[in-house]
Amino acid sequence: MSILLFVMLGVFIFMMFRRNKKTQQQQAELQSKFGPGVEVMTSFGLFGRIVDIDEAENKVTLELSPGNLATVHRQAVTKIVEPAAETAPETAAASPVVPDDASSLTTPETGSNAAGVETPEETLKRLNDEGKKDS
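Residues numbered from 1 in each chain as written. Predicted model: local features only at pLDDT ≥ 70, side-chain atom pairs only at ≥ 80, totals over all residues. Heavy atoms only, no water.

Draft legend 1. Here's a closer look at the overall build of the protein. When helices and strands are counted, the protein shows three helices and five strands. Put simply, the protein runs from its N terminus to its C terminus through helices and strands in the order α-β-β-β-β-β-α-α. Here the protein holds 135 residues, and 16% of them are scored as buried. Expressed as a percentage of contacts within the protein between residues at least 6 apart in sequence, the contacts between residues at least 24 apart total 31%. Carbon and sulfur atoms make up 60% of the accessible area of the protein, which totals about 11100 Å². (Helix = DSSP H or I, 4+ residues; strand = E, 2+ residues; numbered from the N terminus. Buried < 20%, exposed > 50% of the residue type's maximum accessible area, 1.4 Å probe, protein only. Contact = heavy atoms within 4.5 Å. Areas by Shrake-Rupley, 256 points an atom, 1.4 Å probe, with all protein chains shown as cover.)

Here it is, written out as structure tokens:
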């Protein structure tokens, strides 16, 4: 029984060291990709572009927006932001056509909108009619 307990403790300690080593490797790989012009995100949610890296003091200067700079600790930068993939032109052509005015949405049989949305005039008429019924 005690041997099994020691084996389980050993496996637990091994797994802890393994996880720490993986985390350190991932952090070192990320740090190696840092350079001026790289889009990054900090651990507290700021997005920016790296302007300068101070290796001696472990500081990174980020440009949050044109003219706005922030200096953060190097370990606060946790993610490199990949540019979003552009949409294909075929998907843009397949988008539905939206009419310019609401009059084209009315159906000739009922006079109401096919989309179920009232025009301002219909809303006023409905509200006036409801007010007369309650009195």
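Draft legend 2. Representation of the nonpolar core in the model. In terms of nonpolar packing, the biggest core is built from 12 residues, these being L30, F34, V38, V40, I50, I53, V60, L62, V72, A76, V77 and I80. Of all the secondary-structure elements, those providing two or more residues to this core are strand 2 (47–54), strand 3 (59–65) and strand 5 (77–80). (Core = buried A, V, L, I, M, F, W, Y, C linked by side-chain atoms within 4.5 Å.)

Draft legend 3. Region of interest: a nonpolar patch on the surface. A surface patch of nonpolar side chains, amounting to about 640 Å² of accessible area, comprises F6, L9, F12, I13, M16 and F17. Within the element layout of this structure, F17 appears in helix 1 (residues 2–32). Taking the relative accessible area as the measure of exposure, F17 reaches 57% and is therefore exposed. (Patch = residues over 30% accessible without salt bridge, like charges linked within 9 Å, V, L, I, M, F, W, Y side chains within 5 Å. Salt bridge = Lys/Arg side-chain N within 4 Å of Asp/Glu carboxyl O.)

Draft legend 4. Focus on the confidence of the model for the protein. When pLDDT is averaged along the protein, the result is 80; 74% of the residues meet or exceed 70. Here helix 2 (residues 89–93) stands out as the element of the protein with the lowest mean pLDDT, 54, in contrast to strand 4 (residues 68–73), whose mean of 93 is the highest. (pLDDT = per-residue confidence, 0-100.)

Draft legend 5. Quick peek at the sheet that holds strand 4. Spatially, the five strands line up as an open sheet ordered 4-3-2-1-5, and their pairing is antiparallel. The sheet is open, and its two edges are formed by strand 4 and strand 5, each paired on a single side. Direction aside, neighbouring strands of the sheet carry axes that sit 45 degrees apart on average. Bridge analysis of strand 1 (residues 39–42) against strand 5 gives three bridges, and the strand direction is antiparallel. (Pairing = 2+ DSSP bridges. Axes fitted to C-alpha atoms, helices over the stretch in contact; angles between N-to-C directions.)

Draft legend 6. Geometry of the pattern of salt bridges. Enumeration over the complete set of coordinates arrives at seven salt bridges. Salt-bridge contacts for E39 lead to R49; the nearest nitrogen and oxygen are separated by 2.6 Å. Taken together, the residues E39 in strand 1 and R49 in strand 2 connect sequence positions 10 residues apart. The residue R126 makes a salt bridge to E118 at a minimum N-O spacing of 2.7 Å. Given the relative accessible area of 35%, E118 is considered partly exposed.

Draft legend 7. The pairing of strand 4, seen in detail. Two strands pair when backbone bridges link them, and strand 3 and strand 4 are joined in this way by six bridges, in the antiparallel orientation. If you follow L62 over to strand 4, its bridge partner there is A70.

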